[in-house]
Amino acid sequence: MAKYDPEIVMEFYANAWPTEKGIRDKRSWVKGQWIPFDEDVTNQFLGHPLVLEEGQRSEFSQRKSQVTGFDEEAISQLLCIPGQDFARSMAGSQVWIMRTSMTTLTQIWMTLELSNILPSDHNSNLLLPKCQLVYAILTQMSIHVAQLISDTIYQFAGITPPRHLVDSEKSNRALGFPALITGLCQFY
């Protein structure tokens, strides 16, 4: 049995649009049914990996919203092999860590993150926000994975995919979370 249904996934992403201007509506219209994908529904579907009280936020979410946020030097020391650091922009700000500069453990978590939590077809480096997530995992911060997944699906739905270089009728981007989306659609 297939783990996901490509037609369902494509319909899901094609119809996951905001129903009202300015409203961050996390649901999609699939086979005549609204399919919610907000963090509460996703958390329930995943078996409640993190239970938060009303208004409570995960340590990772709190840290991301603070002005001081994450200590980039600490991130670099934990994720990079000795003597390596972030690649920097022309202005000198830290942008990403190349795979070749990462510890083996960081590379393993990067692969998991880019395959399952924050999908990306680009995996030769980790941009700073994704480095922060690996750092949070390695330092055992609480992370609301369902919120990350829900937000990522929402972002995927709102981005016009790049066109295929050879066949302009095809998209060049993989759609994230096909098994999760198929499961949500089957549930609803």
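Computed from a prediction, not measured in an experiment: that's the story for all the values here.

Draft legend 1. Up close: the sheet that holds strand β5 (residues 125–127). If you trace the three strands from one edge of the open sheet to the other, you get β3-β4-β5, paired in antiparallel fashion. Each edge of the open sheet is held by one strand with a lone partner, namely β3 (87–88) and β5. Those strands touched by helix α6 (residues 128–138) are β4 (94–98) and β5, and its axis lies near 95 degrees from that of β5.

Draft legend 2. A look at α6. For α6, a buried count of nine out of eleven residues is recorded, marking the element as mostly surrounded by other parts of the structure. Among the residues of α6, those classed as buried are Leu128, Lys130, Cys131, Gln132, Leu133, Val134, Tyr135, Ala136 and Ile137. Buried-residue contacts for α6 involve α3 (59–65), α4 (72–79), β4, α5 (104–117), β5 and α7 (145–158). At the C-terminal side of α6, Gln140 shows a positive phi close to 60 degrees.

Draft legend 3. Layout of the pairing of strand β1 (residues 27–30). Here β1 shows one buried face, formed by Ser28 and Val30, and one open face, formed by Arg27 and Trp29. Inspection of the sheet shows β1 paired to strand β2 (residues 33–36) by four bridges, in the antiparallel sense. Bridging across to β2, Trp29 finds its partner in Trp34. Between β1 and β2, which follow one another and run antiparallel, lie two residues, and Lys31 among them has a positive phi close to 50 degrees.

Draft legend 4. How the structure looks around unusual backbone geometry. For Gln140, which is not a glycine, the phi torsion comes out positive at approximately 60 degrees. Its identity as a non-glycine residue notwithstanding, Phe177 has a phi of 60 degrees, on the positive side. Its place among the elements puts Phe177 in the loop between α7 and α8 (178–187). Residue classification places Phe177 among the buried residues on the basis of a relative accessible area of 9%.

Draft legend 5. Spotlight on the environment of Lys26. Structurally, Lys26 is set in the loop between α1 (6–14) and β1. For Lys26, the contacting residues outside a window of four places in its chain are Ile35, Pro36, Phe37, Asp38, Glu39, Ser150, Asp151 and Tyr154. Of the polar contacts made by the side chain of Lys26, one reaches the side chain of Ser150; its length is 3.1 Å.

Draft legend 6. The arrangement of a nonpolar patch on the surface in detail. Taken together, the side chains of Phe45, Leu46, Phe187 and Tyr188 define a hydrophobic patch exposed on the protein surface, amounting to about 370 Å² of accessible area. Structurally, Leu46 can be placed in the loop between α2 (39–45) and α3. The class for Leu46 is partly exposed, based on a relative accessible area of 37%.

Draft legend 7. Here's a closer look at the packing of aromatic side chains. Enumeration according to the criterion identifies seven aromatic pairs in this entry. Ring centres of Phe60 and Phe70 lie 5.9 Å apart, and the angle between their planes is 55 degrees; this geometry places the pair in the tilted category. In this pair, Phe60 is assigned in helix α3 and Phe70 in the loop between α3 and α4, connecting sequence segments ten residues apart. Here Phe60 and Phe70 have matching classes, each one buried. Ring geometry for Phe70 against Tyr135: centres 6.2 Å apart, planes inclined by 85 degrees, an arrangement best described as edge-to-face. Placement of Phe70 in the loop between α3 and α4 and of Tyr135 in helix α6 is noted, with a sequence separation of 65 residues between them. Both residues of the pair, Phe70 and Tyr135, belong to the buried class. Taken together, Phe12, Tyr13, Phe37 and Phe156 form an aromatic cluster joined through their ring pairs. For Arg63, the ring lying beneath its charged end belongs to Phe70, and the centroid distance is 5.3 Å.

Criteria and thresholds
Residues numbered from 1 in each chain as written. Predicted model: local features only at pLDDT ≥ 70, side-chain atom pairs only at ≥ 80, totals over all residues. Heavy atoms only, no water. Pairing = 2+ DSSP bridges. Helix = DSSP H or I, 4+ residues; strand = E, 2+ residues; numbered from the N terminus. Contact = heavy atoms within 4.5 Å. Axes fitted to C-alpha atoms, helices over the stretch in contact; angles between N-to-C directions. Buried < 20%, exposed > 50% of the residue type's maximum accessible area, 1.4 Å probe, protein only. Polar contact = N/O pair within 3.5 Å; in protein donor to acceptor, adjacent residues only side chain to side chain. Patch = residues over 30% accessible without salt bridge, like charges linked within 9 Å, V, L, I, M, F, W, Y side chains within 5 Å. Areas by Shrake-Rupley, 256 points an atom, 1.4 Å probe, with all protein chains shown as cover. Salt bridge = Lys/Arg side-chain N within 4 Å of Asp/Glu carboxyl O. Phe/Tyr/Trp six-rings, centres within 6.5 Å; stacked < 30°, edge-to-face > 60°. Lys NZ or Arg CZ within 6 Å of the ring centre and 35° of its normal.

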